[in-house]
Amino acid sequence: MTVTADRTLAGIDFDTYLRTIAAFTDDDLIPAEADMVAAGQVPDALVRRMAELGLFGISIPRTYGGLGWSMEQQVLLTYEFTRASCVYRSRFSTVIGLCSQAILDHGTEEQRREMLPAMAAGRRVTSFALTEPEAGSDATNVRTVARRAGDGWVLDGTKRYITNAHWADTLIVFARTDGGTADAREISAFLVDTTAPGVSTRIPELMNGHAEGPVAEIDLDSVAVSADRLLGGAPGTGLAAAMRGINHARLHVAATCVGQATRMLEETTRHVNERHQFGAPLAELGVVQAELGRCYAEMEAGRALALDAARAFDAGTVPRQRISAAKLYCSEMVGRVADRCVQLLGGEGIVGPHPVPRMWRDVRTLRIYEGASAVHERNLGRAMVRSIAAEGVLPDSYRVR
């Protein structure tokens, strides 16, 4: 499938672009959800339209063919397009976050110029192949191995739970380049085309959420790659590249949670306004109003937290702890909102095609993607202990010093 961004987007201002994406969400994405579910996949026509509207390039600088929006602007856009099913976002999420940022900050100039313009146009879909059966939250436990072979490398290993791998043109594969010794941790990243001999992908038979955009497993069986496919041109920089992409993606996930909560609350409030019990709309019951009010307050707290982290990001440093806090809070928040909304829907929350129960299943994954909640809690606690011991203030602190 050949897709490309509309060249007229290069001169568009952000407010106009934001309104365009909001209208696309209302007029195209949301109305197509039922067809997407029936087909079991995101329709190709919608993927083409996403590319034409530049959604694959929102985080890629204009010098490489993207739209170059700031992190704050990316978050505002995410609030809009994730009012629709978050499965849509998954089709371009690995391009705008994990992969493009790793290439942008850690690739060679030749790799950037080869990869990023095609990614921004939607012509080259990329996937971030880090997670393995024995390397999930502990990314340092990667077992995939890259061995030198002449002027290049040969990769062997298995990856799992990889978003977009089944549709990707190119994988960023993280592998050990330390000879596989048990006490070494040299991890490198490689650009691997999915058409290369020895690369195979498979999708699971069952997904509990995100059924229309399943993750995949990847097998790498003696996959030969040339020396210029080593990201950055030097071994050992894989984890730094991974974290650059992951921090970007975590903030996008936090914003996705806000967008999903917004839609579920709108749908649920519409339901309780229209549903009558005991001679009056459900919306007139105090307990219903209280549930809605609590959901709204928590959603708005998440919205503010994600925007604050984005502004700090744009100020020139990556506020890792604040991003982690935003991802943790927002993913837990959207789970609570989803559960309360299903409860307020009553029977429609369990039986039938109402969008909220489908979204309820989808958002459950967001407490696992880009770092499970328990890992974020532990890491934030550790950072607090270290920061107080070293500097006397909390990490990413607003304290005047």
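As a reminder, the structure under discussion sits directly above these lines.
What you see is a predicted model, and the numbers here were worked out from it, not measured in a lab.

**Q** How would you sum up the pairing of strand β2 (residues 145-149)? Please name residues and give values.
**A** Bridging between β2 and strand β3 (residues 152-162) involves 5 bridges; their strand directions are antiparallel. What sits directly across from Ala149, in β3, is Gly152.

**Q** Go over helix α3 (residues 44-52), please, and point to the residues and values.
**A** Listed in full, the buried residues belonging to α3 are Leu46, Val47, Met50 and Ala51. Each buried residue of α3 sits inside an arc of 145 degrees when the element is viewed along its axis, so together they form one side. Buried residues along α3 sit against α1 (14-29) and α5 (86-106). Of the residues trailing α3, Gly54 is marked for its positive phi of about 85 degrees.

**Q** Talk me through the environment of Pro204; I want residue IDs and the actual numbers.
**A** Position of Pro204 relative to the elements: it lies in the loop between β6 (199-202) and β7 (216-225). Residue Pro204 is classed as partly exposed on the basis of its relative accessible area of 35%. Separated by 13 residues in sequence, Pro204 and Glu217 have C-alpha atoms that sit 8.0 Å apart. When sequence neighbours within four positions are dropped, the list of residues in contact with Pro204 reads Pro214 and Val215.

**Q** Describe in detail the pattern of salt bridges, supporting the description with residues and values.
**A** If the charged atoms of two oppositely charged side chains come close together, the side chains can form a pair. Enumeration according to the criterion identifies 23 salt bridges in this entry. One salt bridge in this structure joins Arg263 and Glu33, with 2.9 Å as the shortest N-O distance. Remark: Glu33 occurs in helix α2 (residues 33-39) and Arg263 occurs in helix α7 (residues 238-274); sequence separation between them is 230 residues. Residue class for Glu33 comes out buried when judged on its relative accessible area of 3%. The closest approach of N and O atoms between Asp308 and Arg322, which form a salt bridge, is 3.3 Å. Taken together, the positions of Asp308 in helix α8 (residues 286-314) and Arg322 in helix α9 (residues 320-345) put the pair 14 residues apart, joining distant regions of the chain. Note on Asp308: relative accessible area 23%, which makes it partly exposed. By relative accessible area, Arg322 is classed as buried at 14%. Overlapping salt bridges, with partners in common, bring together Glu33, Arg263, Glu267, Arg270 and Arg358 in one network.

Thresholds applied
- Throughout this document, residue positions are counted from 1 along each chain, in the order its sequence is written.
- The predicted nature of this model means local features are confined to residues of pLDDT at least 70 and side-chain atom pairs, given and counted, to a pLDDT of 80 or more, with totals for whole chains, interfaces and linings taken over all residues.
- Each side-chain value is worked out from all heavy atoms of the structure, with water and hydrogens disregarded.
- Any two strands with at least two DSSP bridges between them are considered paired.
- Here a helix means four or more residues in a row that DSSP labels H or I, a strand means two or more in a row labelled E, and each is numbered from the N terminus.
- Each residue is placed in one exposure class: buried if its accessible area under a 1.4 Å probe, protein chains only, is under 20% of its type's maximum, exposed if it is over 50%, and partly exposed if it falls in between.
- To obtain the arc, one takes the directions from the helix axis to the C-beta atoms.
- Should any heavy atoms of two residues lie within 4.5 Å, those residues are considered in contact.
- The working definition used for a salt bridge is a side-chain nitrogen of Lys or Arg within 4 Å of a carboxyl oxygen of Asp or Glu.

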